[in-house]
Amino acid sequence: MTRDAFEALDRLAGGLGTALLAFATLTGWVVVGAACLIGIGLPMVQPMLSVTRSVAERERVRLGRWGEHVVSPYPAARPAKGWRTDPATLRDLIWLAVHGSFGLLLGLLGIALPVMGLRDASFPLWWHLLPDGETGSSLGIPVHTWPGVMAVSLSGFVWLAISMMCSRPIARLQSLPGRRLLTPHPSVDLSERVARLTATRAGALAAHAAELRRIERALHDGAQNRLLAVVVMATAAKRALERDPATIGPALDRVQIAAEQALAELRGVVRSILPPILENKGLAGALSALATGSPIPCDLSVGQLGHLPLSVEATAYFTVAEALTNAAKHSGATRLRAEVARHGEVLQIEVEDDGVGGAWERDGSGLAGIRRRVEAHDGSLTLTSPRGGPTRMKLELPCAS
Amino acid sequence: MRIVIAEDDALLREGLVMLLGGEGFEVVAAVSNPQEFLAAVARHSPDVAVVDVRMPPTHTDEGIKAAVEARRSHPGMGVLVLSAYVEQAFATELLADGARSVGYLLKERVGQFKEFLDALKRVASGGVAIDPEVIAQLFIRRRGPLDRLTPREREVLALMAEGLGNVVIAERLQITEGAVHKHISSIFGKLDLAPTDRVSRRVTAVLRYLEG
């Protein structure tokens, strides 16, 4: 409950930020509108549209960070068009007006409540420091006596209680316009989806090519070189046998070492392509093996998964493996929780730690590779990791089989 | 014979040192990267250098570049390049300065030790050694005019391209030296190449012809 309330407050603060930006942009539009009336504002319209779009994009990212994945209606490659022809721009503008006004008020209210609460609740501690005649509650009601002061303190706790109860609904209400208006219009959804699928498909091919390169490199630098060493050492052993059988020992030792290394390399490569444990024990068994092997204790719960395509299982497996590895490396967590469940045609995985948070996704990191893999399946991967923790990774994979 | 070995894989390097050292070669240096290789060549002036194609930093063709550079600074030295897979472009690059004292072999040829030693000695004494695999690839790519050759002539051409002399070719194909000579004249005639006895010029001619 308390944690939820703090999370909601954090969210409201972020919302207040974009609301202030929206308000500033809105003011800009009023000025440009007025300038248009006297005929000098037109050149400013296009830059203002760009600003509007970037503010809207910031809100999309913010909502995405809170697990509400808002698909941008703009494919990356499309240049900005005038609002008359693009319904998405018009929707952005409507959102700007709502978020810059009501959203701003909601944000201020959401933040003011706990501030007032804290001020009034602690009032008895510091009211006597104020000059006479200036003392009063947050609402400006003058108070000069101890009973009055205690009443103010009591009202502070009431404010705090209200804040605890209401900050979550307020935060949701504040993000409602964004969730409704910043997504693609239902009528354009299909064509946008096709565009997105095309993009993710290209991503899948790129991921595939990168994977092939990785495998080629691993095979060449690893197993192939080891086997060549086996050949060279075996030749040396053969020659030693011909010359002086007593000297064959070291050469044979090295043949064995090189052959064992070749096997180990091959095992590693095979495991990185498709972990054999997936085939043997299924996803549930493979994940439980991962959880058991995790250096940080991990509570794993796996629901009824039914039959899943192998590619989905592999992606799920690598995602959880990456999450556990990252947690062990960076989070400083003492406990991990992983939940795997299937809801109809969607496989949902959530991994959460109690660590320090602040995780982010670098280009070329393991996580970026996982994201490409997930997107290739038309799934989504959300990472929320506020500074101070906890880090939560949520994966949704379509798994129609 | 004094040898410098450049190979970045430690186990493989150790293996080569052990193998060649056991055969009575004097391995004066065994290094793991192109800079150390060039330094070792400058310091020891070996008779022959054995160089791996893939070396740090990018593990693509550093070995070839280093080999070409070493050949320029030490024209008398033989350079035998070993590669985990064949790449015709590498052979071309190596032969660009003239087909003398140079070899390009698949790494696993080390296992056929007698042939490997022959190739090494040939390279050290100014000859050429090209991997049969490279020749096979070239044959696949350049069909047309080669169709005019008889199967036997194609065999002779392939062995010639590897850098082998008439005596060895005769041995391999179990025919007389005179027969080899006749085949070669016929091949040069059919491919419009001027006949010559010099091994290296034969190889250059053959490779150049095959490259088109």
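Each chain has its residues counted from 1, running along the sequence as written. In the order they appear in the text, chains get letters beginning with A and ligands get numbers beginning with 1. Reporting of local features is limited, given that this is a predicted model, to residues whose pLDDT is at least 70; pairs of side-chain atoms are given and counted only at 80 or more, and all residues count toward the totals for whole chains, interfaces and linings.

Under an unreviewed UniProt entry, the name given to chain B is DNA-binding NarL/FixJ family response regulator, and the organism recorded is Thermocatellispora tengchongensis.

If you check an unreviewed UniProt entry, chain A appears there as histidine kinase from Thermocatellispora tengchongensis. Entered under Catalytic activity (unreviewed entry) in the UniProt record, the comment concerning chain A runs "ATP + protein L-histidine = ADP + protein N-phospho-L-histidine." UniProt positions are given in the numbering used here, feature names are shortened, and annotations may be inferred rather than shown by experiment.

S.K.: Hey, could you run me through the overall build of chain B in this one?
M.R.: The number of helices and strands found in chain B is 10 helices and six strands. Counts of 20 or more other C-beta atoms within 10 Å of a residue's own C-beta define buried residues, counts of 12 or fewer define exposed ones, and intermediate counts define partly exposed ones; C-beta atoms are placed from the backbone. Considering chain B as a whole, with its 212 residues, one finds that 44% of them fall into the buried category. Helix numbering and strand numbering both begin at the N terminus, where a helix is a DSSP run of H or I of at least 4 residues and a strand a DSSP run of E of at least 2.

S.K.: What's the story with the interface of chain A and chain B in this structure? I'm lost.
M.R.: Interfaces are often sized by the accessible area lost when the parts come together. Taken together, the contacts link 15 residues of chain A with 15 residues of chain B. For the side of chain A that touches chain B, the secondary structure elements donating two or more residues are α6 (189-243) and α7 (248-273) of chain A. Considering every element that reaches the side of chain A that touches chain B, the biggest residue donor is α6 of chain A, with 12 residues. Here the term charged refers only to Asp, Glu, Lys and Arg, the term nonpolar to Ala, Val, Leu, Ile, Met, Phe, Trp, Tyr, Cys and Pro, and the term polar to all other amino acids, Gly among them. Here the residues of the side of chain A that touches chain B are counted per class, giving nine nonpolar, four polar and two charged. Any residue pair is listed as a contact if its two C-beta atoms, each placed from the backbone, are within 7 Å.

S.K.: For this particular structure, what's the right way to read the UniProt feature "modified residue: 4-aspartylphosphate" (unreviewed entry) in chain B?
M.R.: Residue and element names in this part refer to chain B. The UniProt record annotates "modified residue: 4-aspartylphosphate" (unreviewed entry) at D52. By C-beta crowding, D52 is classed as buried, having 29 other C-beta atoms within 10 Å. Filtering out sequence-adjacent residues up to four positions away, D52 remains in contact with A6, E7, D8, G63 and L82.

S.K.: Which parts of the structure should I look at to understand the nonpolar core?
M.R.: Soluble globular proteins tend to pack their nonpolar side chains together in the buried interior. Formed by 77 residues in total, the largest nonpolar core has its most connected members in M233 of chain A together with A49, V51, L80 and V81 of chain B. Filtering out sequence-adjacent residues up to four positions away, L80 of chain B remains in contact with V48, V50, G103, L105, A119, L120, V123 and A129 of chain B. Joined through C-beta atoms within 7 Å, a set of buried Ala, Val, Leu, Ile, Met, Phe, Trp, Tyr and Cys residues constitutes a nonpolar core. Counting 29 residues, the second-largest nonpolar core is a separate cluster that includes Y317, A323, L381 and M393 of chain A.

S.K.: What am I meant to see in the pairing of strand β5 (residues 392-398) of chain A here?
M.R.: Every regular strand shows the same layout, with side chains that alternate between the two sheet faces. Residue and element names in this part refer to chain A. Side chains of β5 alternate between two faces, with M393, L395 and L397 buried and R392, K394, E396 and P398 left unburied. In the sheet, strand β3 (residues 346-353) pairs with β5 via seven bridges, with the strands oriented antiparallel. Looking at β5, one finds that E352 is bridged to R392. The sheet contact formed by strand β4 (residues 380-384) and β5 spans five bridges and is antiparallel. When the bridges of β5 are listed, T382 appears paired with K394. At least two DSSP bridges between two strands are required for those strands to pair.

S.K.: Looking at this structure, I do not really get the sheet that holds strand β1 (residues 2-6) of chain B. What am I missing?
M.R.: Within a sheet, each strand pairs with its neighbour through backbone hydrogen bonds, oriented either parallel or antiparallel. Residues and elements named next belong to chain B. Read from one edge to the other, the open sheet built from six strands follows the order β2-β1-β3-β4-β5-β6, with strand pairing classed as parallel. At either end of the open sheet lies a strand with only one pairing partner, and these are β2 (26-31) and β6 (128-130). Neighbour to neighbour, the strand axes of the sheet diverge by 20 degrees on average, direction disregarded. The axes used here are C-alpha line fits, helices contributing only the stretch in contact, and every angle between their N-to-C directions lies in the interval 0 to 180 degrees.

S.K.: I'm lost on the packing of helix α3 (residues 62-73) of chain B against helix α4 (residues 88-95) of chain B in this one. Help?
M.R.: Axis angle and axis distance: for two packed helices, these are the angle between their axes and the distance between the axes, and together they describe the pair. Residues and elements named next belong to chain B. Here α3 crosses α4 at 15 degrees, and the two axes come no closer than 10 Å. The orientation of α3 relative to α4 falls into the category roughly parallel. For α3 against α4, the interelement crossing comes out right-handed. Where α3 approaches α4, its residues I64, A67 and V68 are matched on the opposing element by F90, E93 and L94. In the contact of α3 with α4, the residues fall into five nonpolar, no polar and one charged. Should an angle fall under 35 degrees it is taken as roughly parallel, and over 145 as roughly antiparallel, whereas 65 to 115 is taken as roughly perpendicular and any remaining angle as oblique. The hand of a helix crossing depends on one turn: near helix anticlockwise from the far one by less than a right angle means left-handed, and clockwise means right-handed.

S.K.: Looking at this model, I keep getting lost on the sheet that holds strand β1 (residues 298-302) of chain A. Mind explaining?
M.R.: Residues and elements named next belong to chain A. The five strands are arranged β1-β2-β3-β5-β4 in an open sheet whose pairing can be described as mixed. Two strands close off the open sheet at either side, each with one partner strand: β1 and β4. Averaged over all pairs of adjacent strands, the angle between their axes in this sheet comes to 10 degrees, without regard to strand direction. Sheet topology note: the β1/strand β2 (residues 336-343) ladder contains five bridges and is parallel.

S.K.: Just checking my understanding: could you explain the environment of H99 of chain A for this structure?
M.R.: Residues and elements named next belong to chain A. Tracing the backbone shows H99 in helix α3 (residues 87-121). Residue classification places H99 among the buried positions, given that 30 C-beta atoms sit within 10 Å. Placed 43 residues apart in sequence, H99 and A56 show a C-alpha to C-alpha distance of 9.9 Å. Contacts of H99, omitting those with residues within four sequence positions, involve T18, A19, A22, P177 and G178.

S.K.: For this particular structure, what's the right way to read helix α7 (residues 151-162) of chain B?
M.R.: Three- or four-residue spacings in an α-helix give side chains the same orientation, since the helix completes a turn every 3.6 residues. Residues and elements named next belong to chain B. Here the expected length of a helix is defined as 1.5 Å per residue gap, with one fewer gap than residues. The end-to-end C-alpha separation of α7 is 17 Å, in line with the 16 Å expected for 12 residues at 1.5 Å each. The complete set of buried residues in α7 reads V156, L157, L159, M160, A161 and E162. G163 sits one or two residues past α7 and shows a positive phi near 110 degrees.

S.K.: How do you make sense of unusual backbone geometry when you look at a structure like this?
M.R.: Glycine aside, residues mostly have negative phi, and peptide bonds are mostly found in the trans state. Residues and elements named next belong to chain B. Cis rather than trans, the peptide bond between P56 and P57 has omega equal to 5 degrees. Tracing the backbone shows P57 in the loop between β3 (48-52) and α3. Here the phi dihedral of S101 falls at roughly 55 degrees; this positive angle occurs in a residue that is not glycine. One can find S101 in the loop between α4 and β5 (102-106). The class of S101 is buried, set by 24 C-beta atoms lying within 10 Å. Although it is not a glycine, Q174 adopts a positive phi angle of roughly 55 degrees.

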